[in-house]
Amino acid sequence: MTATSTGGSVDERNPFVYVVAALAALNGLLFGFDTGVISGAMLYIRETFELATIFGYSMNPSLVEGVIVSGAMIGAIVGAAFGGRLADRLGRRRLILVGAVVFFVGSLIMAVAPTVEVLILGRIVDGIGVGFASVVGPLYISEISPPKIRGSLVSLNQLTITSGILIAYLVNYALSEGGQWRWMLGLGMVPAAILFAGMLFMPESPRWLYERGHEDDARDVLSRTRTESQVAGELREIKKNIQTESGTLRDLLQAWVRPMLVVGIGLAVFQQVTGINTVMYYAPTILESTGFEDTASILATVGIGAVNVAMTVVAVLLMDRLGRRPLLLSGLGGMTVMLAVLGAVFYLPGLSGGLGLLATGSLMLYVAFFAIGLGPVFWLMISEIYPMEIRGTAMGVVTVLNWAANLIVSLTFLRLVDLFGQSGTFWLYGVLTLFALVFCYQLVPETKGRSLEEIEADLRETAFGSTVGDDSPRPAESDD
């Protein structure tokens, strides 16, 4: 490996790379806004539409509510399924532009929806844009960032997800007085327009450019974020990897790639089945059961969103200092404890008063532990651990599974509460979180401080070895 691959003397104060990363991270803002805004809007959608009938069929109102919430997940599965391949074919930047347009259209449809069915259609279209964003945002940032600060920059995507959730909660609270759910959903057009306008002036990923034969363009982009010696070294590594990769979907099943496919799938599923989006989608509904009124429950949810953002900032600051594994494992441990506490709180009678506040505090701490670990680490890891030629496709596969797990959780949460109560449901999520902790301890590697090419070379060497849990970066070799 070359010294340039580990970050070398790159000027971390280079403003250009931060501007590009920040704009690309607005993909996460779309993701987060869509996640958060529906939680407050649903309180008032119930009052506008008859939720006992959908597409002419009588249905349980809680199931119809689940379909409305989950419409975005269905769209996101479609967007993520095609997003990986489109990112490889069209380019990362172009797909970001397409995703912004799709999200804008979906938000508009929801804002003017005359029926439940049209509202669900808008949620699906919105979700397709979110699916594109969830694949291409981390991918684009990881490929344009210098290795030494890649973890922090890619984690900006998670920061904007949490910021989008908080903004949505604030919008919900500001519009809750009149129950203006159409404005809540329609305001998603604003970040979509900002993302589209900003990305018009941003460059394409240097790795994608080089892969498509535009070596001079790739060199120009890299020169804006690397030193001259780093550019030469990184281009050599990209060229070497392109020559050894065939770039088909079948390559995901190569012996040396399979362990990381398992890691990506595991992180994708565990990020959802540990219950985080039950809080994001249904926090006001959960808090209403503790005795809060509609407006008060939305305000308490704003507090949860603020904790989410604050702890994500902590994760961004620590990601390239402590590494991925320490944050991931400590976060999962804290989530397990908080889910056990939540189950106990909801098991006890009389949730109003002190126990209601304890439930709110436990939810906040649960979100805090997610925000420093499984939340940002998943999106960062899947942008790092796959070979360049199939990176977009691999991210598409694991992101589809992430959204599929999200869909299952969002559709089943209210039903699980009906069957097992809130205490039993939270304890179930706690058991799954404990499984996630064991999985991550055993299989998830440390990638701190390594270039994408170095990670790939290292995984080729250690795929069947015993060093997968080693937290120490491999020492850089000299250019000689």
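The text that follows walks through the structure, step by step, so that each part is easy to find. (Residues numbered from 1 in each chain as written. Predicted model: local features only at pLDDT ≥ 70, side-chain atom pairs only at ≥ 80, totals over all residues. Heavy atoms only, no water.)

**Concerning the overall build of the protein chain**
Line of reasoning, step 1. What the protein chain contains, in helices and strands, is 19 helices and two strands.
Line of reasoning, step 2. Burial analysis of the protein chain (480 residues in total) assigns 61% to the buried set.
Line of reasoning, step 3. If you take every contact in the protein chain between residues at least 6 apart in sequence, the share linking residues at least 24 apart comes to 85%. (Helix = DSSP H or I, 4+ residues; strand = E, 2+ residues; numbered from the N terminus. Buried < 20%, exposed > 50% of the residue type's maximum accessible area, 1.4 Å probe, protein only. Contact = heavy atoms within 4.5 Å.)

**Overview of the packing of aromatic side chains**
Line of reasoning, step 1. As enumerated under the stated definition, the model contains six aromatic pairs in all.
Line of reasoning, step 2. Measuring from centroid to centroid gives 5.5 Å for F270 and F439, while their planes differ by 55°, and the two rings are tilted. Separated by 169 residues along the polypeptide, F270 in helix α12 (residues 258-273) and F439 in helix α18 (residues 391-443) bring together distant segments of the chain.
Line of reasoning, step 3. Joined through ring pairs, the aromatic side chains of F31, F378, W379 and W403 make up one cluster.
Line of reasoning, step 4. For the cation-ring pair, R325 lies above Y441, with the distance from its terminal atom to the ring centre recorded as 5.8 Å. (Phe/Tyr/Trp six-rings, centres within 6.5 Å; stacked < 30°, edge-to-face > 60°. Lys NZ or Arg CZ within 6 Å of the ring centre and 35° of its normal.)

**Here's the deal with the environment of N308**
Line of reasoning, step 1. Inspection of the secondary structure puts N308 in helix α14 (residues 294-322).
Line of reasoning, step 2. The buried category is assigned to N308, whose relative accessible area is 4%.
Line of reasoning, step 3. When the C-alpha positions of N308 and T162 are compared, they lie 5.9 Å apart, and in sequence the two are 146 residues distant.

**Section: the nonpolar core**
Line of reasoning, step 1. Counting 114 residues, the largest nonpolar core has Y140, M199, L267, L328, Y366, W403 and C440 as the members making the most contacts within it.
Line of reasoning, step 2. Taken domain by domain, this core gets at least three of its residues from each of domain 1 (14-202) and domain 2 (250-464).
Line of reasoning, step 3. In terms of nonpolar packing, the next biggest core, distinct from the first, is built from 26 residues, I38, I54, V64 and A113 among them. (Core = buried A, V, L, I, M, F, W, Y, C linked by side-chain atoms within 4.5 Å. Domains from an automatic or database assignment.)

**Side note on α12**
Line of reasoning, step 1. Its 16 residues place the ends of α12 22 Å apart at the C-alpha level, agreeing with the 22 Å of an ideal helix rising 1.5 Å per residue.
Line of reasoning, step 2. The set of residues buried in α12 consists of M260, L261, V263, G264, G266, L267, A268, F270, Q271, Q272 and V273.
Line of reasoning, step 3. Downstream of α12 by one or two residues, G275 has phi in the positive range, about 100°. (Expected span 1.5 Å × (residues − 1).)

**Re the environment of T53**
Line of reasoning, step 1. Mapped onto the secondary structure, T53 falls in strand β1 (residues 53-54).
Line of reasoning, step 2. In this structure the C-alpha to C-alpha distance between T53 and E117, which are 64 residues apart in sequence, comes to 9.9 Å.

**Focus: helix α3 (residues 61-90)**
Line of reasoning, step 1. Between its terminal C-alpha atoms α3 stretches 42 Å, which fits the 44 Å expected from 30 residues at 1.5 Å a residue.
Line of reasoning, step 2. Remark: the principal bend of α3, roughly 40°, maps to S70.
Line of reasoning, step 3. At the exit of α3 stands G91, carrying a positive phi of roughly 110°. (Bend = angle between axes of the 7 residues up to and from the residue.)

**Remarks on the packing of α12 against helix α17 (residues 374-382)**
Line of reasoning, step 1. Following both chains from N to C, one finds α12 and α17 inclined at 150°, their axes separated by 10 Å at the closest point. Relative to α17, the element α12 is oriented roughly antiparallel. Here α12 runs over α17; the crossing is left-handed. For the pair α12 and α17, contact is made by G264, L267, A268, F270 and Q271 and by L374, G375, F378, W379, M381 and I382, respectively. (Axes fitted to C-alpha atoms, helices over the stretch in contact; angles between N-to-C directions. Parallel < 35°, antiparallel > 145°, perpendicular 65-115°, else oblique. Left-handed = near helix turned anticlockwise from the far one by under 90°.)

**Comments concerning the environment of T412**
Line of reasoning, step 1. Positionally, T412 belongs in helix α18.
Line of reasoning, step 2. Each C-alpha atom of the pair T412 and L63 lies 8.9 Å from the other, and the pair is 349 residues apart in sequence.
Line of reasoning, step 3. Within polar-contact distance, the side chain of T412 engages the backbone oxygen of I408 at 2.7 Å. (Polar contact = N/O pair within 3.5 Å; in protein donor to acceptor, adjacent residues only side chain to side chain.)

**Examining the side chain of R92**
Line of reasoning, step 1. With respect to the secondary-structure elements, R92 resides in helix α4 (residues 92-112).
Line of reasoning, step 2. Polar side-chain contacts of R92 include one of 2.8 Å to the backbone oxygen of A87.
Line of reasoning, step 3. Contacts of R92, omitting those with residues within four sequence positions, involve A87, V136, L139, Y140, E143, E204, S205, W208 and M388.

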